[in-house]
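Residue-level listing of the chains:
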Amino acid sequence: MAVKLLRRTSVAPVDGLDPQLSELLSNRGLKNADEADYALTGLIAPTRLKGLSSAVRLIENAICTGQSILIVGDYDTDGATSVTLLLSGLKALGASQVSYMVPDRFRLGYGLSPEIVELAAANKPDLLITVDSGISSVEGVKRAQSLGIKVIVTDHHLPGPVLPAADAIVNPNQPQCAFQSKNLAGVGVAFYLLSGVRAALREQGVERAHNLNLAQFLDLVALGTIADLVPLDRNNRILVSHGIGQIRAGRGNQGIKALLAIAGVDEQVVTTRDLGFALGPRLNAAGRIENMSIGIECLLACDDSVNEFAQQLDRLNIERRSIESNMRQQADELLRARDLSKTESVGVCLFDASWHEGVVGILASRIKDQLNRPAIVFAPALDGTLKGSGRSIQGFHLTDALAMVASTKPGLVSKFGGHAMAAGLTLEADHLDEFSTRFNEVVSRQLGEQALEKICYSDGPVEEFGLPAVSKIVRDQPWGQGFPEPVFDDLFEIVSQRLLSGQHLKLQLRVKQAARVLDAIFFNRDQLIEAPEAHFAYKLDVNRFRGVDRVQLVIQYQF
């Protein structure tokens, strides 16, 4: 579809910064230099999290009395980093019996279901802690408590109308929670919980607590936060910025180091882009194709086994890409059979009986990007139901939309949950057509034609292409969801171009008003550009090869 170019208009420069960075940050809503100060002292206090003190008391008691603690996680990168962080942190604080389990997404599905509780009960835990899940697990929590297991729910997903009757709930999005940032990822909530436990044990004079530096876990927080695509408000930018710093300083998690190495990324110059596009997919592949325990074990490993786990994750990611490629071709055929200009195709729902349940979320994301409209992709589950995963566009809250659809006909949607931009759901197979119709009606009512236009927001031309200036833009800010990496546009003379394997176009470009020749890459472009010059929107990159840095443009669109 056609892409419309709009240049951002800076309201007012951010004082105290160099002019180009000042304008970029102003374009992203920052009003002063303090908002770009990422000192850890700027983090919101843990005490503002509702339920934290109750959860801390339960964990403190469990540690001091030698109780058995079981952490139940989710099967994505946020869940894996949450489990790793809390498990490692509690052990460091003296927990003698702490273990984890992650549901098999294909047999048990998402969240703390009664079936998962039955499996967990075999380990005879005294305390069960959910991470990155549990806020909708009303029946699962009830079953755990009937078995005499105390439950702490830590989550960041939006709650339903009824909260689980857990012994403690820590979730910034629960009602009456005064924590100012509602954008913490699951791993961010786990970090705050661990911070509270450490503070309580320090008050008791526990030496382990005094010796534990929580900064060592911030690389996990950064990875989970970026991979989960939560908005990077200032609190999250502080967490991510310091996590990136830990990795660059060589103090990163051994599993993260191994995954960066296998992806060919130099840890000294790692960026949020690398976390999102190199590490996140490899970890997620475990949960999508096999079992996320592989990813967690990679992040927990401190010996040579870490490289074996990293290689296994890389192989799973290659398999995932192959499955995705086949599904993408089938999806394109289904889309070609539709008239996407009609109003009944504003909200896109796709299904094929051969599709892989673990890969539908990636496919939904690809379709959302391609069509610039909310998309939900379904695949058959082992129990005969359909599992769907959806992705949304700016200005359309997907989970709220699912709640509206569900309210129009009770029983139409078996269960659902998620965020504004991503959600999962389960349907009975014979409900798909009616759901698709009702979902499209909700999307059509909320989104006009203008909202469905694909727009590229540009920060204008680059003022300085020198390596120091470009490095400052690429590496010094924690770009991500809600704090988008800068996109620039300009007219270039095409000096040379050649097609690479994998349908990518490699170019050398000259800025029209300068003599400098720049390297550029145009991913997923399988044709040469015929004109001698072209207008491109692009991101800046610094490509490090054998220790040498070179400026590179990553082309997004041609106009």
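Since we're looking at a predicted model, the values are computed, not measured.

### What to know about unusual backbone geometry
- A positive phi angle, close to 65 degrees, is found at Gln176, a residue other than glycine.
- Mapping Gln176 onto the fold places it in the loop between strand E6 (168-170) and helix H6 (186-203).

### Brief notes about helix H1 (residues 19-27)
- Across the 9 residues of H1, 7 count as buried, placing the element largely inside the fold.
- Buried within H1 we find Gln20, Leu21, Ser22, Leu24, Leu25, Ser26 and Asn27.
- Its side-chain oxygen 3.3 Å from the backbone nitrogen of Gln20, Asp18 forms the N-cap of H1.

### Things to note about the pattern of salt bridges
- The final tally for this structure, using the stated rule, is 23 salt bridges.
- With a closest N to O distance of 3.1 Å, Arg544 and Asp266 form a salt bridge. Taken together, the residues span a long stretch of sequence, with Arg544 in strand E16 (residues 533-545) and Asp266 in the loop between helix H10 (254-262) and helix H11 (272-289) at a distance of 278 residues.
- You can call Arg544 partly exposed: its relative accessible area is 26%.
- One salt-bridge network, in which partners are shared between bridges, spans Asp266, Arg475, Arg544 and Asp549.

### A word on the side chain of Arg525
- Considering the arrangement of structural elements, one finds Arg525 in the loop between strand E15 (517-522) and E16.
- Although Arg525 lies buried, it forms no salt bridge, and the closest oppositely charged side chain, Asp526, sits 5.8 Å away as judged by the N-O distance.
- A distance of 2.8 Å separates a polar side-chain atom of Arg525 from the backbone oxygen of Gln527.
- Among the polar contacts listed, one links the side chain of Arg525 to the backbone oxygen of Leu528, at a separation of 3.5 Å.

### Focus on the nonpolar core
- Residues Ile59, Leu85, Leu90, Leu275 and Ile367 are the most contacted members of the largest nonpolar core, which totals 108 residues.
- Among the elements that take part in this core, H6 stands out by supplying 10 residues, more than any other.
- Setting aside anything within four residues of it in sequence, one finds Ile367 in contact with Ala331, Leu335, Val348, Leu350, Asn372, Ala375 and Val377.
- Leu24, Val474, Leu507 and Ile555 belong to the second largest nonpolar core, which has 25 residues in total.

### Quick look at the packing of H10 against helix H13 (residues 305-336)
- For the pair H10 and H13, interaxial distance at closest approach is 9 Å and the crossing angle is 50 degrees. On the basis of the axis angle, H10 is oblique to H13. Note that H10 runs across H13; the crossing there is right-handed. Contacts between H10 and H13 pair Gln254, Gly255, Ala258, Leu259 and Ile262 from the former with Val306, Asn307, Ala310, Gln311, Leu313 and Asp314 from the latter.
- A breakdown of the residues in the contact of H10 with H13 according to their chemical character gives 6 nonpolar, 4 polar and 1 charged.

### Some details on the environment of Arg510
- Positionally, Arg510 belongs in strand E14 (residues 504-511).
- Along the chain, Arg510 and Ile494 lie 16 residues apart, while their C-alpha atoms are 6.5 Å from each other.
- Contact partners of Arg510, with chain neighbours within four places excluded, come to Leu491, Phe492, Glu493, Val495, Ala515, Arg516 and Val517.

### With respect to the sheet that holds strand E11 (residues 422-427)
- The strand order across the open sheet built from 5 strands is E7-E8-E9-E11-E10, with neighbouring strands paired in mixed fashion. Both outer strands of the open sheet, strand E7 (348-351) and strand E10 (415-418), are each paired with one neighbouring strand and no more. On average, each strand axis in the sheet is tilted by 15 degrees relative to the strand beside it, whichever way the strands run.
- Judged from the 4 bridges that link them, E10 and E11 form a sheet pairing that is antiparallel. Each bridged residue has a counterpart across the sheet, and for Lys415 the counterpart in E11 is Thr426.

Definitions and cut-offs
Residues numbered from 1 in each chain as written. Predicted model: local features only at pLDDT ≥ 70, side-chain atom pairs only at ≥ 80, totals over all residues. Heavy atoms only, no water. Helix = DSSP H or I, 4+ residues; strand = E, 2+ residues; numbered from the N terminus. Buried < 20%, exposed > 50% of the residue type's maximum accessible area, 1.4 Å probe, protein only. Polar contact = N/O pair within 3.5 Å; in protein donor to acceptor, adjacent residues only side chain to side chain. Salt bridge = Lys/Arg side-chain N within 4 Å of Asp/Glu carboxyl O. Lys, Arg positive; Asp, Glu negative; His and termini not counted. Core = buried A, V, L, I, M, F, W, Y, C linked by side-chain atoms within 4.5 Å. Contact = heavy atoms within 4.5 Å. Axes fitted to C-alpha atoms, helices over the stretch in contact; angles between N-to-C directions. Parallel < 35°, antiparallel > 145°, perpendicular 65-115°, else oblique. Left-handed = near helix turned anticlockwise from the far one by under 90°. Nonpolar A, V, L, I, M, F, W, Y, C, P; charged D, E, K, R; others polar. Pairing = 2+ DSSP bridges.

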